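Geometric and topological summary
Single-letter residue listing:
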Amino acid sequence: MAFGEKVKMKSLLKKHKINSAGICKIEDYKIKGIFNENQLFQAGSISKCLTALCVIKLVQKGKLNFLEDVNNYLKNWKIKDSKGQEIKTTLKELLSHTGGISCSGFMGHKKGKQMPSIIQILNGQKPANSERIYKKYGRGKYHYSGGGYIIIQKVLEDVLGNNFNSIMEKEIFKPLNMQNSTFKIPRIKIQGHRNKRKVGNNIYSEKAPAGLWTTAQDLSKFIREIQLGYSGKSKFISQKLIKQMLKPVIKAEGNFIALGFFIMKDKKRFYHTGFNVGYRSKFIADFKGNGIVILTNEENSKRFIGTVIQRDIE
């Protein structure tokens, strides 16, 4: 990045009162660092995108099926309705937030406090600080649900007999050379901020929906692989499954929801946002090898992110 570009970015950060940001562009499938591209940030709900690709990869391997009743995969916990009756839900419904599952999101847990197990999170039992996960709404309608992704986390662990961190390392991080990404607590990290004041770094047992630490460069590698898959150029994932993953399921938030990703209403770009205590992020990309990733350690950076995307800084 040229000196003048760094000055311009620092000026923009100062104007919007942002402590730090990591930015990368993808141009014709090539990754170009813009600013702090190797700095770790919490990516919040962008975690769901990586979880979705892991599911797709396991579908490709024949270990999962989109339309199978998820309860058939779960070993010591089942999806139930408000009356306690087991009820069918598919991976496709969980990935697209159309399964009627409760709990939109999670706030994480303070460092040093007791961490909840996945069963405690699912049952809404302390030290979990979120509601019980159950079939709360009717099927086939969009209700954003981090709770649905906790269920997916449990499915992956039950089917593969391993912890979520190790699963993602094997299935996603290593194959895509995402050397600076993790669902563990990293040793080197920056502090989250709210209105330029430090709020620390909450810890997330809710890994699949919210626990990713990553860099703008690593996240760009992930997005590029999806774009390569969509064009039929990926050795990692089939074109058929990538197109199935990015096919709009239903209208959502003024655009469309697919399997783990939002699709713009023009159906030419896909994106996701992320928000954790002290962090905000977003990526947006087209299907032809172009896009941008923006990670910040400031909750109130929505306007800054929008400005960067609009300008699409060279």
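A brief report on the enclosed structure follows. (Residues numbered from 1 in each chain as written. Predicted model: local features only at pLDDT ≥ 70, side-chain atom pairs only at ≥ 80, totals over all residues. Heavy atoms only, no water.)

Our next topic: helix H2 (residues 47-60). Taking 1.5 Å per residue, 14 residues should reach 20 Å; H2 reaches 20 Å between its end C-alpha atoms and fits that length. Taken across its 14 residues, H2 has 13 buried, putting it largely inside the fold. One or two residues past the end of H2 sits Gly62, with phi positive at roughly 85°. (Helix = DSSP H or I, 4+ residues; strand = E, 2+ residues; numbered from the N terminus. Expected span 1.5 Å × (residues − 1). Buried < 20%, exposed > 50% of the residue type's maximum accessible area, 1.4 Å probe, protein only.)

Attention now goes to unusual backbone geometry. Here the residue pair Lys126 and Pro127 is connected by a cis peptide bond, since its omega of 10° sits within 30 degrees of zero. Checked against the element boundaries, Pro127 lands in the loop between helix H4 (118-123) and helix H5 (146-160). Of note in this structure, Lys17 is not a glycine but carries a positive phi near 60°. Within the element layout of this structure, Lys17 appears in the loop between helix H1 (3-15) and strand S1 (21-27). With phi around 60°, Lys267 is a residue other than glycine that occupies positive phi space. In this structure Lys267 comes out as partly exposed when scored by relative accessible area, which is 47%.

Those residues of helix H10 (residues 302-311) not exposed but buried are Phe304, Ile305, Thr307 and Val308. Considered in projection along H10, the buried side chains sweep an arc of 160° and stay on one side of the axis. H10 presents Lys302, Arg303 and Gln310 as exposed residues on the side facing more than 90 degrees away from its buried surface. (Arc of directions from axis to C-beta.)

Right, let's talk about the side chain of Ser281 for a bit. Of note, Ser281 is situated in strand S11 (residues 279-286). Taking relative accessible area as the criterion, Ser281 reaches 1% and is therefore assigned buried. A distance of 3.2 Å separates a polar side-chain atom of Ser281 from the backbone oxygen of Ala43. In contact with Ser281, other than residues within four places in its own chain, are Ala43, Ile46, His272, Thr273, Gly274, Ile294, Leu295 and Ile305. (Polar contact = N/O pair within 3.5 Å; in protein donor to acceptor, adjacent residues only side chain to side chain. Contact = heavy atoms within 4.5 Å.)

With that out of the way, let us pick up the side chain of Glu298. If you trace the backbone, Glu298 turns up in the loop between strand S12 (291-296) and H10. When near neighbours in sequence (up to four residues on either side) are disregarded, Glu298 contacts Lys17, Ile18, His193, Arg194, Asn195, Lys196, Gly278, Tyr279 and Arg280.

We now examine empty space enclosed by the protein. Unfilled space is identified by rolling a water-sized probe across the atoms. A complete count under the given rule lists one cavity of 30 Å³ or more for this structure. Its volume calculated, the largest cavity comes out at about 30 Å³. Looking at the lining of the largest cavity residue by residue, the classes come out as two nonpolar, seven polar and one charged. (1 Å grid on protein atoms, 1.4 Å probe; cavity = no way out; pocket = protein on both sides within 12 Å on 5 of 7 lines; lining within 4 Å. Points joined across faces, edges and corners; volume = space filled by probe spheres on them. Nonpolar A, V, L, I, M, F, W, Y, C, P; charged D, E, K, R; others polar.)

What follows deals with the state of the cysteines. As enumerated under the stated definition, the model contains zero disulfides in all. Sulfur of Cys49: no disulfide; nearest cysteine sulfur belongs to Cys54 and is 13 Å away. The cysteine Cys103 is free of any disulfide, with Cys49 supplying the nearest cysteine sulfur at 18 Å. The class for Cys103 is buried, based on a relative accessible area of 6%. (Disulfide = S-S within 2.5 Å.)

Let us look at the pattern of salt bridges. Going through the model one piece at a time under the given rule, you end up with nine salt bridges. The salt bridge partner of Lys25 is Glu27, with a shortest N-O separation of 2.9 Å. Take Lys25: its relative accessible area is 3%, and that puts it in the buried class. Under the relative-accessibility criterion, Glu27 is labelled partly exposed at 23%. The residue Asp218 makes a salt bridge to Lys221 at a minimum N-O spacing of 3.8 Å. Here Asp218 pairs with Lys221, and both are found in helix H8 (residues 216-230), just three residues apart, close to one helical turn. Three or more residues joined by partner-sharing salt bridges are found here, namely Lys25, Glu27 and Lys32. (Salt bridge = Lys/Arg side-chain N within 4 Å of Asp/Glu carboxyl O.)

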